[in-house]
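Topology and contacts: notes
The lines below spell out each chain.
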Amino acid sequence: MKKLALIGCGGIGAYHLDHFLQFTDLDLAGFCDITVERAEGFVKKAGRGRAFADYVEMYDAVKPDMVFICVPPTCHGNIEFETIRRGIPFFVEKPLTLDLDLAREIAAQVEKRGIIAASGFQCRYDNINDAARAYIAASPVLTVQASRVGGIPEVPWWRNKPASGGQLVEQTIHQMDMLRYLLGTEPKTVYSVAGRGWISQEECPGYFTDDLSTTLVTFKNGVTATMMTGCYAKNAVSWDSKMTFGARDSRMDYVLCSSVTVYREGGKAAAAGKSASVIKGDGVQDRDTGEHAEVTKSAVDFGLLCDRTFVDAALSGDPSKIRSPYGDAYKSVAFTLACNRSMTTGLPVDLAY
Ligand SMILES: NC(=O)c1ccc[n+]([C@@H]2O[C@H](COP(=O)([O-])OP(=O)(O)OC[C@H]3O[C@@H](n4cnc5c(N)ncnc54)[C@H](O)[C@@H]3O)[C@@H](O)[C@H]2O)c1
């Protein structure tokens, strides 16, 4: 049986472990965390394997056939270089790193050595993307209005922008990645502004990051987009995670990992003799969305699929089914880091990969 190892036994590591426990064709051979008790906890949960505090020791002892790298954003570099040096296929969590030069160097070595390397952009494996891509192929999109609003994750490093990259880089990168994936084009220029001051130290000790930011993106194919992201939400009613893709004759609401809804004129209501869109006497536009909407819901375990796709690639040596190889994921990292640069300089930033 081929051997799997994991580095970083924290929150997302546990998510991957739940998937590994469903894979009966793999030996869960090694778990590594600098806090070794966490690795020991993973061994206990897996019911097999060995715990390590040092990944080099683990590599020497276990000689894994594949590895999942699940460490925080600033802990990358040496792990990947050692993994590449040993020729081990690897899966690495987004945002890969906060150092774009480092990501570029890793991407170059992956390419040169022909290493199978996948990233954690799991949303790409959701079935809703088939409906979304079919819509975009049939209805030329002019613009996207997008948002991601949530709360502050529990992990302490998240609330410190130098350690996490800030919400846009650490979290909303999923949406930015999906913009690239769904539109099939690359960002050309970004302009981002950030806001702070609503979340206090009393509320969240050690909080040194933006409460929100708004980004304007121009894409190479002429599409423009806005992305508003915030971590200020106190409860689920102020959360949001919608991207509205606008075409001239229709629109699509894309809710990450949840649903795609396409609104068209002439749906069931029109067939029943009703108007698709009504301007009421007070000038308010009234849209009977339910009757004109085609809804596709998420119906697959996309996280499980994402992991299994990488595992299958590592087992077979064929990376063609991986939807987010390292070299592509690197571009989404570049996209969000360019936004950070714009927030700092106050100027638009041209993307260069
Ligand atoms: N794909 C997704 O949807 C998704 C979701 C959540 C988190 N993530 C990403 O996963 C990464 C980790 O996030 P998390 O929430 O699991 O963080 P975490 O802090 O819960 O876990 C990270 C673990 O890595 C360990 N670690 C750090 N450096 C190490 C090293 N050199 N060797 C061994 N272990 C080391 C830490 O001790 C910690 O236990 C982040 O980049 C985050 O963005 C991705």
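Conventions and cut-offs
- Residues numbered from 1 in each chain as written.
- Predicted model: local features only at pLDDT ≥ 70, side-chain atom pairs only at ≥ 80, totals over all residues.
- Heavy atoms only, no water.
- Domains from an automatic or database assignment.
- Contact = heavy atoms within 4.5 Å.
- Buried area = accessible area lost by both parts, 1.4 Å probe.
- Salt bridge = Lys/Arg side-chain N within 4 Å of Asp/Glu carboxyl O.
- Polar contact = N/O pair within 3.5 Å; in protein donor to acceptor, adjacent residues only side chain to side chain.
- Helix = DSSP H or I, 4+ residues; strand = E, 2+ residues; numbered from the N terminus.
- Near = heavy atom within 4 Å.
- Areas by Shrake-Rupley, 256 points an atom, 1.4 Å probe, with all protein chains shown as cover.
- 1 Å grid on protein atoms, 1.4 Å probe; cavity = no way out; pocket = protein on both sides within 12 Å on 5 of 7 lines; lining within 4 Å.
- Sits in = over half its atoms within 2 Å of the grid points.
- Nonpolar A, V, L, I, M, F, W, Y, C, P; charged D, E, K, R; others polar.
- Pairing = 2+ DSSP bridges.
- Axes fitted to C-alpha atoms, helices over the stretch in contact; angles between N-to-C directions.
- Points joined across faces, edges and corners; volume = space filled by probe spheres on them.
- Parallel < 35°, antiparallel > 145°, perpendicular 65-115°, else oblique.
- Left-handed = near helix turned anticlockwise from the far one by under 90°.

Structural notes on the domain arrangement of the protein chain
Looking at the assigned domains, one finds that the protein chain contains domain 1 (2–122 + 303–325) and domain 2 (124–299 + 336–345). Taken together, the contacts link 17 residues of domain 1 with 15 residues of domain 2. Across the domain 1 to domain 2 interface the summed buried area is about 1,600 Å²; carbon plus sulfur atoms make up 62%. For domain 1, the biggest contributors to the area lost against domain 2 are L98, F121 and R323; these three give 44% of the whole. Taken together, the links from domain 1 to domain 2 amount to one salt bridge. At the junction of domain 1 with domain 2, the criterion picks out six residue pairs in polar contact (both at pLDDT 80 or more). The element that contributes the greatest number of residues to the side of domain 1 that touches domain 2 is helix α12 (residues 302–316), accounting for three residues.

Describing the site of the ligand
The full set close to the ligand counts 24 residues, and I12, D33, R38, Q122 and E170 are the nearest of them. In the model, an oxygen atom of the ligand is placed 2.9 Å from a nitrogen or oxygen of the G11 main chain. Between the ligand and E93 there is a distance of 2.9 Å, counted from a nitrogen atom to a side-chain nitrogen or oxygen. Relative to its free-state accessible area of 850 Å², the ligand is covered by the protein chains to the extent of 85%. Here the ligand occupies the largest pocket. Classifying every residue of the shell around the ligand by side-chain character gives 13 nonpolar, six polar and five charged. Built from parts of two domains, the shell around the ligand gets at least three residues from each of domain 1 (2–122 + 303–325) and domain 2 (124–299 + 336–345).

Quick word on the sheet that holds strand β2 (residues 26–32)
If you walk across this open sheet you meet the six strands as β3-β2-β1-β4-β5-β6, and the pairing is parallel. Here the strands that pair on one side only, and so sit at the sheet edges, are β3 (50–52) and β6 (117–119). Sheet twist, expressed as the average angle between the axes of neighbouring strands with direction ignored, equals 20°. Bridge analysis of strand β4 (residues 66–69) against strand β5 (residues 90–92) gives three bridges, and the strand direction is parallel. By the bridge assignment for β5, V67 is matched with F90.

Section: the side chain of N340
Along the chain, N340 falls in helix α13 (residues 326–345). Residues contacting N340, with those up to four places away along its chain left out, are K161, G165 and V169.

Description of empty space enclosed by the protein
Over the atoms rolls a probe the size of a water molecule, and in doing so it shows where empty space is left. On inspection of all chains with the given rule, the structure shows one cavity of 30 Å³ or more. Of all the secondary structure elements, the ones that give two or more residues to the lining of the largest cavity are α8 (167–170), β9 (212–219) and α13.

What to know about the packing of helix α1 (residues 11–20) against helix α2 (residues 36–46)
Direction vectors running N to C along α1 and α2 enclose 20°, while the axes themselves pass 11 Å from each other. Classified by the interaxial angle, the pair formed by α1 and α2 is roughly parallel. Seen from above, α1 lies across α2 with right-handed handedness. Between α1 and α2, the residues in contact are G13, A14, L17 and D18 and F42, K45 and A46, respectively. Residues that form the contact of α1 with α2 fall into these classes: four nonpolar, one polar and two charged.

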